[in-house]
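Observations on the three-dimensional arrangement
This is what each chain is made of:
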Amino acid sequence: QFKHLLFAGAARSDKGFSEVVSLVGHMHQLGLAIPVVMQTSPEQAGKYDAAIRADLKRLADIGYPHLEIRGTTLSPDEYAGLFKGAVCLQLYDAAAFADRISGVTLDAFSHGSPVVSTPGSWIARKVERFDAGSIVADTSPETVLAAVQEQIAAFGAYAARAAAAGAVLQEENSAQTLIDLLTTSA
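Note that this is a predicted model, so its numbers are computed, not measured. (Residues numbered from 1 in each chain as written. Predicted model: local features only at pLDDT ≥ 70, side-chain atom pairs only at ≥ 80, totals over all residues. Heavy atoms only, no water.)

1. Observations concerning unusual backbone geometry
- Unlike most non-glycine residues, Asp 131 shows phi in positive territory, near 50°.
- Position of Asp 131 among the secondary structure elements: in the loop between helix 5 (122–130) and strand 6 (133–135). (Helix = DSSP H or I, 4+ residues; strand = E, 2+ residues; numbered from the N terminus.)

2. A closer look at helix 1 (residues 17–30)
- End to end, helix 1 covers 20 Å across 14 residues, agreeing with the expected 20 Å (1.5 Å per residue, within 8%).
- When we look at burial in helix 1, the residues that qualify are Phe 17, Val 20, Val 21, Leu 23, Val 24, Gly 25, His 26 and Met 27.
- Where the residues of helix 1 are buried, they touch strand 1 (4–7), strand 2 (36–39), helix 2 (50–62), strand 4 (86–90) and helix 6 (141–153).
- Looking one or two residues past helix 1, Gly 31 carries a phi angle of roughly 75°, positive in sign. (Expected span 1.5 Å × (residues − 1). Buried < 20%, exposed > 50% of the residue type's maximum accessible area, 1.4 Å probe, protein only. Contact = heavy atoms within 4.5 Å.)

3. Observations concerning the environment of His 28
- For His 28, the position within the fold is in helix 1.
- For His 28, a relative accessible area of 33% gives the class partly exposed.
- Residues His 28 and Pro 65, 37 residues apart in the sequence, show an inter-C-alpha distance of 8.2 Å.
- Leave out the neighbours within four places in its chain, and His 28 touches Ile 62, Gly 63, Tyr 64 and Pro 65.

4. Thoughts on the sheet that holds strand 4
- Spatially, 6 strands are ordered 3-2-1-4-5-6 in an open sheet, and the strand pairing comes out parallel. For this open sheet the edge positions go to strand 3 (67–70) and strand 6, each flanked by a neighbour on one side alone. Adjacent strand axes in the sheet meet at a mean angle of 20° when their direction is disregarded. (Pairing = 2+ DSSP bridges. Axes fitted to C-alpha atoms, helices over the stretch in contact; angles between N-to-C directions.)

5. Examining the packing of aromatic side chains
- Tallied over the entire structure, the rule returns 4 aromatic pairs.
- Taking 5.9 Å as the distance between ring centres and 70° as the angle between the ring planes, the aromatic pair formed by Phe 2 and Phe 155 counts as edge-to-face. Taken together, the residues Phe 2 in the segment before strand 1 and Phe 155 in helix 7 (residues 155–172) connect sequence positions 153 residues apart.
- Owing to a relative accessible area of 18%, Phe 2 belongs among the buried residues under this scheme.
- Residue classification places Phe 155 among the buried residues on the basis of a relative accessible area of 6%.
- With 4.6 Å between their ring centres and 50° between their planes, Tyr 92 and Phe 97 make a pair best called tilted.
- Taking the relative accessible area as the measure of exposure, Phe 97 reaches 4% and is therefore buried.
- Over the ring of Phe 97 we find Arg 100, and its NZ or CZ is 4.1 Å from the ring centre. (Phe/Tyr/Trp six-rings, centres within 6.5 Å; stacked < 30°, edge-to-face > 60°. Lys NZ or Arg CZ within 6 Å of the ring centre and 35° of its normal.)

Everything listed here is a matter of coordinates, which is why it stays silent on function.
Written out as structure tokens, the structure reads:
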């Protein structure tokens, strides 16, 4: 059952944090009541860049009553719990993530959380492969909201495909698979 939209991991510009803040603002303007959970922890250095600081202020100023902010680094169990019943927003910069594996995507699928992604990324290729979410043509709040509403309406089917994707991707990306590949190729 759908519970909330989720932005997971560190708050970073290349992960579409600003676009998610804009989505929250748009939903507030429309008077929607879709729950949102945003992890806003800083990067490993413990600092935010100027753009993220501005987005955090903008997010606070929106006043969306259905928003839960998780501003600190979470325990593994707390982090895993974020994905239960979630549609995971991954509006990542496609060029930056064209060939980068996303740990958040693997976590989302492993916990049965479908993903909204941008085209041209590794993430989008996995969403397409497993039909485990949506790929948006642009990151405007209107476009992202339409994708989100589609996933909420058919959440059970999307979540089942996401969980199946997680099982396959865990196997494909396991350390044992890499060891087997390296030892049989040698």
